[in-house]
Number of protein chains: 2
Amino acid sequence: MIETHYNCPCLETCPLSRSMDLIGGKWKMQIICTLNNGGPTRYNELKRRMDGVSNTVLARALRELESVGLVERREYMEVPVRVEYSTTEACDALIPILDQLSEWYEAYEAER
Amino acid sequence: MIETHYNCPCLETCPLSRSMDLIGGKWKMQIICTLNNGGPTRYNELKRRMDGVSNTVLARALRELESVGLVERREYMEVPVRVEYSTTEACDALIPILDQLSEWYEAYEAER
DNA sequence: CGGTATCCTCGCCGATACTG
DNA sequence: CAGTATCGGCGAGGATACCG
């Protein structure tokens, strides 16, 4: 019998790892949840709701999420300027999966 | 109209964040995938299949996964000693969700 | 209001050597 | 074989000040 290599598919191209590259950071899931719950949200309002995040970090995470198409940034030419962030369709498709992950954790914790 | 606070549920007790505490590190999902694909696996065999992980890091991740009940460690009193790692039931319940996350990524990537 | 610029810290990750 | 001990770097995360 020839020794087969059951190498983990989670190497360079693993879609699971790639997913985590997109939503893995410390705040990204929280941003997604907040935008999903509250709809389009202005920058400072988002920051208030996320209690504890700094400007540097929140702005960076938002830019990254926007650059990969998970969050949409809309700038309204008012004075003072108004900027609203919201989830994209690609992001919305992710929500049910995150919900299941939450449910899994609740069940996991209940049995411990 | 009273201003309601749609504060993100993803604060201290958010099950989503707690899930990530369990499986978030750099290698943990890969360990889970490998054990799920290959069944009970010995330490060095696991290390080989995970191509690139060091002893320090793999052993640490395995201990953490074991301590939270996602991975089981079985030590057989042979000479030389044989140790096999496998997924627990709680971990198995997670697999379908991770599969969905992978599928989401494939769809996401296809549309970009 | 909605950020950027700058600097810093801390802990994850890892290489290497060693051991029961 | 299956790890632990030790040390180090490096980058995500963050505090603070400032800007268009």
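A brief look at the structure comes next. (Residues numbered from 1 in each chain as written. Chains lettered and ligands numbered in written order. Predicted model: local features only at pLDDT ≥ 70, side-chain atom pairs only at ≥ 80, totals over all residues. Heavy atoms only, no water.)

1. Overview of the interface of chain A and chain B
Okay, step 1: Contacts between the two partners involve 41 residues from chain A and, on the opposite side, 39 residues from chain B.
Okay, step 2: Here chain A packs against chain B, burying approximately 3900 Å² in sum over the two surfaces, 66% of which is carbon and sulfur.
Okay, step 3: Considering only the side of chain A, the residues that lose the most area to chain B are Leu-16, Arg-49 and Trp-104 of chain A, jointly responsible for 17% of the buried surface there.
Okay, step 4: Joining chain A to chain B, the criterion identifies 0 salt bridges.
Okay, step 5: Seen at the junction of chain A and chain B, the total is 9 residue pairs in polar contact (both at pLDDT 80 or more).
Okay, step 6: Counting only elements with at least two residues in the side of chain A that touches chain B, the list comes to α1 (15–23), α2 (28–38), α3 (43–49) and α6 (95–110) of chain A.
Okay, step 7: Residue composition of the side of chain A that touches chain B, grouped by class: 22 nonpolar, 11 polar and 8 charged. (Contact = heavy atoms within 4.5 Å. Buried area = accessible area lost by both parts, 1.4 Å probe. Salt bridge = Lys/Arg side-chain N within 4 Å of Asp/Glu carboxyl O. Polar contact = N/O pair within 3.5 Å; in protein donor to acceptor, adjacent residues only side chain to side chain. Helix = DSSP H or I, 4+ residues; strand = E, 2+ residues; numbered from the N terminus. Nonpolar A, V, L, I, M, F, W, Y, C, P; charged D, E, K, R; others polar.)

2. Points about the pattern of salt bridges
Okay, step 1: Enumeration over the complete set of coordinates arrives at 16 salt bridges over all chains.
Okay, step 2: When the shortest N-O distance is used, the salt bridge between Glu-45 of chain B and Arg-49 of chain B registers 2.6 Å. Here the residue Glu-45 of chain B and the residue Arg-49 of chain B both occupy positions in helix α3 (residues 43–49), the gap between them amounting to 4 residues, near one helical turn. Each member of the pair, Glu-45 of chain B as well as Arg-49 of chain B, carries the same accessibility label: buried.
Okay, step 3: Among the charged side chains, a salt-bridge network with shared partners connects Glu-45, Arg-48 and Arg-49 of chain A. (Buried < 20%, exposed > 50% of the residue type's maximum accessible area, 1.4 Å probe, protein only.)

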